[in-house]
Amino acid sequence: MTDKYKPKHIPSIKGTKDILPDEARKWQKVEASAKRIFELYGYREIRTPVFEATELFEKGTGETSDIVIKEMYTFTDKGGRSLTLRPEYTPSVVRAIIENRLNLKPQPMRFYFMGPMFRYDKPQKGRYRQFHQIDIEVFGEEDPAIDAEIVQMADFFLKNLKVKDTKIVVNSVGCKECRPSYLKKLKAAAEKEKRRLCENCRRKMATNPLRIFDCKIEGCRDTAKNFPKITDSLCVECETHFHQFCSFLDLFGITYEIDPRLVRGIDYYTKTTFEIVTSKLGAQDAILGGGRYDEMMKDFGGPDICGIGFAMGMERLLDIVPGEEDKQEFVYVVCMGEEAKGAGMKLAKRMREAGRETLIEYRERSLKNQMARANKLEASWVLIVGEDEVKRGKYQLKNMKSGEQIEEAEENILKIIRDKSF
Ligand SMILES: [Zn+2]
Ligand SMILES: [Zn+2]
């Protein structure tokens, strides 16, 4: 036999991760909660393909967002087309709206989405090449009331998951009318303090000085504290929008902080930006970030419709959602002998049909071993089906928590288990 035919293990790809059944329950909980809460606010799910034309994302991230472009998972398919696994979600939604003319339909354009994203980044702890996001997007609502409603919804979602120690940070990054003059002021201030900025920031100074505020280096952060604030340079329209946004947050009773340095990493933002940060992830890390992008749809060759949304990383969120052990209650059916096996299978079928999770295993084991197994799996109840029980039409039901055991006929057993009355 040559090496070629020798069975061998093929490992997973660097930067990817299996989500095993134990963790998957928590994923499902977070996803179900997102779905339920977003739908309460009139959002509907949208699912777009995992890959798109490379151009779409090059455009979506803006010309200066070389970080995203550099990290894109791009490949050439068999037809010679350049395709990219989506590195972010918004460009795909915008494309889908334009392509399916969703803006001409009567439904509100409020979408939510959850799924994998891909970045060809150097894998490091907690960062994967395939990672997951939950996003929401609203199109066609200019009123700052929606900006506040979105922040309130995000806050409600996190509270619902019992995430604690969060802080809401908001800002306005202006618009194409007022940003250019601010950027000039910012550039001039950065130029003056050039010697105190890192090499990276000095480079950003020319291309996109707003990014200096994203720098994690202490010295740069300190220096940037004294730079002009964008909130002092807003035009009347942006200023009014921001003011109303804040007063709507007050209306909802939301506590927030205004941080003029919150500019977010992506170029297409206009007016509102916000983040929800937590102290639990170390140094004030963002769990969720979002903002308004009023020019985006037009830039994609679509109608002139404004947009706003937020995104959060699932992996990060799961780290701070409490309650890893959300054990589901279930019945373990113990069968002794061939005849009992048939009866047990039928009972299991009926319990499942009645909506109760039931596990029956077919490997032959002694009564003692089956009981030990049920105990190990943390079954809530054990239903014992022996030949004798089958003959009498009565079964033993054991509550594994209290240790109590009763004998009941099939109908009663079903009722007891359904109502969890034992
Ligand atoms: Zn403006
Ligand atoms: Zn820096």
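All values derive from a computational prediction rather than experimental measurement.

Turning our eyes to something else, we now look at the domain arrangement of the protein. When cut into domains, the protein gives domain 1 (21–178 + 234–320) and domain 2 (331–419). In this structure, domain 1 and domain 2 have C-alpha centres spaced 48 Å apart.

The pairing of strand 7 (residues 166–172) with strand 9 (residues 270–278) spans 7 bridges and is classified as antiparallel. If you follow Val170 over to strand 9, its bridge partner there is Phe274. Here strand 7 pairs with strand 8 (residues 257–258) via 2 bridges, running parallel. Paired with Val169 across the strands is Glu257, a residue of strand 8.

A separate point is the sheet that holds strand 16 (residues 405–409). Judged by pairing direction, the sheet is mixed, and its 5 strands sit side by side in the order 13-12-14-15-16 without closing on themselves. Looking at which strands have only one partner, the edges of the open sheet turn out to be strand 13 (358–360) and strand 16. Shown here is a sheet whose adjacent strand axes are inclined to one another by a mean of 25 degrees, direction ignored. Sheet topology places strand 12 (residues 331–335) next to strand 13; 3 bridges connect them, and they run parallel. Following the sheet pairing, Tyr332 is matched in strand 13 by Leu359.

Helix 5 (residues 144–160) packs onto helix 1 (residues 21–40) with a crossing angle of 145 degrees between their chain directions and a minimal axis gap of 10 Å. Crossing handedness for the pair helix 1 and helix 5: right-handed. Two secondary-structure elements touch here, helix 1 through Ser33, Ala34 and Ile37 and helix 5 through Met153, Phe156, Phe157 and Asn160. A per-class count over the contact of helix 1 with helix 5 returns 5 nonpolar, 2 polar and no charged.

Before going further, it helps to spend a moment on the packing of helix 5 against helix 9 (residues 236–251). Running from N to C, helix 5 and helix 9 cross one another at 40 degrees; their axes reach a closest spacing of 8 Å. The angle between helix 5 and helix 9 falls in the class oblique. Seen from above, helix 5 lies across helix 9 with right-handed handedness. Here Pro144, Ala145, Asp147, Ala148 and Val151 of helix 5 come into contact with helix 9, specifically with His241, Gln244, Phe245, Phe248 and Leu249. Classifying every residue of the contact of helix 5 with helix 9 by side-chain character gives 7 nonpolar, 2 polar and 1 charged.

Rules used throughout
Residues numbered from 1 in each chain as written. Chains lettered and ligands numbered in written order. Predicted model: local features only at pLDDT ≥ 70, side-chain atom pairs only at ≥ 80, totals over all residues. Domains from an automatic or database assignment. Pairing = 2+ DSSP bridges. Helix = DSSP H or I, 4+ residues; strand = E, 2+ residues; numbered from the N terminus. Axes fitted to C-alpha atoms, helices over the stretch in contact; angles between N-to-C directions. Left-handed = near helix turned anticlockwise from the far one by under 90°. Contact = placed C-beta atoms within 7 Å. Nonpolar A, V, L, I, M, F, W, Y, C, P; charged D, E, K, R; others polar. Parallel < 35°, antiparallel > 145°, perpendicular 65-115°, else oblique.

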